[in-house]
Amino acid sequence: MTPSPSSYSASLSPSTGFHPTLRLSIPASASAPSPSPSPSPSSSCSLHTVLALPPSFIADRYQLAQLHREGKLGVYEGGDAGESLVVHGEGDLEGPVWGRGGVAVLVKLRSAQKGKARARADEEPAATELAVPLHLRYPLPVAERSRAAAESSENGPTRNDRSEVDLPWPWVFWACPKRGEAALARTPLEGDDDDDAPRSCAPACLPYSFPSLSAFELHFLSPDASLASGRSSSSSSCPPPLPAPLSVIIPTGVAADLPVVEAVTVAAVWFGFAWLAWTAWRTWAGLRREDQDRATKQAKSH
């Protein structure tokens, strides 16, 4: 199936490890406002994406803010970037997955165009690419490294010390000035009578509250239908349904290895203590010997 020219795609790379990057690609036809039936009804709209991260993922707000200020993550509009980059939710960057909450990230990908800039943007549309560095928390350990024989495949025992962690697709939408309460009843864009056409949605449809969007109505882009895995890609709901989640595989601790880990840790601690004690004794002995030699020389000189 060929992707729609107004759809966007997302991927995680690498597909293994604790530090993947979410890559978002929006074609020029979708990332530049144009007349209906484009997802954006006018050039007064700004393009955004929202990432809803489950507790397994970490969004380092300090790292994202630095990339944003450097122009490597969305559109930086100066000041404290309070509206062009918003990170809500769990702020602990070190804790394990248990007892943690999710995180939402709002990134402005393109600002509303005005005057000559608007005309230039209409004439020279450009694709939008976004790379968001993410990190994963340590998962709950498993009891055994391999599954029981009854659960193993014909090729041998199945490894149980790796976990597949899912990440929902991001939403991408145009935030446009409100046209009135009637428009927020999910009316089609002006000039488009198709029931499946992009509709305007209230910001409250998002799973997180973003005050900077309160004065706007949202027009969602559709994810790449070829990746929807049987799910409907219709944009008639608020927010529209997303494809099957992305995934990354990470190693998992094994509880059965704990005695070995503890033994090695204790041995390392004692070895370190013994080395420090030996170093201290050798230093003390050397200084004492120097003092004795100095005293002997002084006695002979008299």
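What you see is a predicted model; the values in this text were computed from it and never measured.

Chemist: I tried to follow the overall build of the protein chain on my own but got confused; where do I start?
Modeler: A tally of helices and strands in the protein chain yields 4 helices and 13 strands. Within the protein chain, buried positions represent 37% of all 302 residues. Taking as baseline every contact in the protein chain between residues at least 6 positions apart, the subset at least 24 positions apart corresponds to 72%. Counting every atom, the protein chain has about 16,800 Å² of accessible surface; 56% of that belongs to carbon and sulfur.

Chemist: How should I be thinking about the pattern of salt bridges in this particular structure?
Modeler: Between side chains of opposite charge, a pair can form when the charged atoms approach closely. Evaluated as defined, the whole model comprises 4 salt bridges. We note a salt bridge from Glu77 to Lys108, for which the minimum N-O separation is 3.2 Å. In this pair, Glu77 is assigned in the loop between α2 (61-69) and β5 (85-89) and Lys108 in strand β6 (residues 103-110), connecting sequence segments 31 residues apart. For Arg100, the salt bridge goes to Asp92, with nearest N and O atoms at 3.1 Å.

Chemist: Looking at this model, I keep getting lost on the environment of Leu136. Mind explaining?
Modeler: Along the polypeptide, Leu136 turns up in strand β8 (residues 135-136). Leu136 has contacts with Gly17, Phe18, Pro20, Ser56, Phe57, Ile58, Val165, Val248 and Ile250, leaving out every residue within four places of it along the chain.

Chemist: Any chance you could explain a nonpolar patch on the surface here in plain terms?
Modeler: Residues Phe271, Trp275, Leu276, Trp278, Trp281 and Trp284 make up a contiguous nonpolar surface patch of roughly 810 Å² in combined accessible area. Counting through the fold element by element, Trp284 comes out in helix α4 (residues 258-301). Take Trp284: its relative accessible area is 52%, and that puts it in the exposed class.

Chemist: What is the right way to read the sheet that holds β6 from this model?
Modeler: Backbone-to-backbone hydrogen bonds pair the strands of a sheet. The strands run either parallel or antiparallel. Overall, antiparallel pairing links the 6 strands, which are arranged β5-β6-β3-β10-β12-β11 in an open sheet. Two strands in the sheet have a free side with no partner beyond their single neighbour: β5 and β11 (200-201). Summarising the sheet, strand β10 (residues 171-177) and strand β12 (residues 216-220) pair through 5 bridges and their orientation is antiparallel. Considered in β12, the bridge of Phe173 is made with Phe220. Against the sheet, α2 engages β5 and β6, with an angle of about 175 degrees to β5.

Chemist: Help me understand the nonpolar core in this model?
Modeler: As a rule of thumb, nonpolar side chains are buried together in soluble globular proteins. Counting 51 residues, the largest nonpolar core has Leu22, Leu53, Val105, Phe173 and Leu206 as its most contacted members. Sequence-distant contacts of Phe173, defined by excluding residues within four places in its chain, comprise Ser46, Leu47, His48, Val50, Leu106, Leu206, Leu213, Leu218, His219, Phe220 and Leu221.

Chemist: Could you clarify how one ought to interpret the pairing of β12 in this entry?
Modeler: As a general feature of sheets, a regular strand has side chains that alternate between the two faces. Counted residue by residue, β12 has 4 buried out of 5 residues, so it is predominantly covered. Pairing geometry for β11 and β12, over 2 bridges, is antiparallel. Considered in β12, the bridge of Cys201 is made with Leu218.

Chemist: Looking at this model, I keep getting lost on the side chain of Thr252. Mind explaining?
Modeler: The topology assignment puts Thr252 in the loop between β13 (246-251) and α4. For Thr252, a relative accessible area of 8% corresponds to the buried category. A polar side-chain atom of Thr252 sits 2.6 Å from a polar atom in the side chain of Ser163. Those residues in contact with Thr252 that sit more than four places away from it in its chain are Pro139, Leu140, Pro141, Val142, Asp161, Arg162 and Ser163.

Chemist: So what exactly am I meant to see when it comes to the layout of surface pockets here?
Modeler: A probe as big as a water molecule, rolled over the atoms, marks out the empty space that is left. One number sums up the size of the second largest pocket: a volume of about 190 Å³. Surrounding the second largest pocket, Phe18, His19, Ile58, Asp60, Leu93, Glu94, Gly95, His135, Leu136, Arg137 and Tyr138 form its lining. Across the lining of the second largest pocket, the residue classes break down as 5 nonpolar, 3 polar and 3 charged.

Chemist: Just to check I follow, could you spell out the state of the cysteines for this structure?
Modeler: Within this structure, the stated rule accounts for 2 disulfides. Disulfide partner of Cys45: Cys176, at an S-S distance of 2.1 Å. Linking Cys45 and Cys176, the disulfide has an S-S dihedral of approximately 115 degrees and is accordingly described as right-handed. Of this pair, Cys45 sits in the loop between α1 (28-31) and β3 (46-53) while Cys176 sits in strand β10; the two residues are 131 residues apart in sequence, bridging distant segments of the chain. Accessibility expressed as a relative area gives 3% for Cys176, which makes it buried. With its bonded cysteines labelled in order along the sequence, the protein chain shows the pairing 1-2, 3-4. Free cysteine: Cys205, not disulfide-bonded; nearest cysteine sulfur from Cys201 at 4.8 Å.

Scoring rules and cut-offs
Residues numbered from 1 in each chain as written. Predicted model: local features only at pLDDT ≥ 70, side-chain atom pairs only at ≥ 80, totals over all residues. Heavy atoms only, no water. Helix = DSSP H or I, 4+ residues; strand = E, 2+ residues; numbered from the N terminus. Buried < 20%, exposed > 50% of the residue type's maximum accessible area, 1.4 Å probe, protein only. Contact = heavy atoms within 4.5 Å. Areas by Shrake-Rupley, 256 points an atom, 1.4 Å probe, with all protein chains shown as cover. Salt bridge = Lys/Arg side-chain N within 4 Å of Asp/Glu carboxyl O. Patch = residues over 30% accessible without salt bridge, like charges linked within 9 Å, V, L, I, M, F, W, Y side chains within 5 Å. Pairing = 2+ DSSP bridges. Axes fitted to C-alpha atoms, helices over the stretch in contact; angles between N-to-C directions. Core = buried A, V, L, I, M, F, W, Y, C linked by side-chain atoms within 4.5 Å. Polar contact = N/O pair within 3.5 Å; in protein donor to acceptor, adjacent residues only side chain to side chain. 1 Å grid on protein atoms, 1.4 Å probe; cavity = no way out; pocket = protein on both sides within 12 Å on 5 of 7 lines; lining within 4 Å. Points joined across faces, edges and corners; volume = space filled by probe spheres on them. Nonpolar A, V, L, I, M, F, W, Y, C, P; charged D, E, K, R; others polar. Disulfide = S-S within 2.5 Å.

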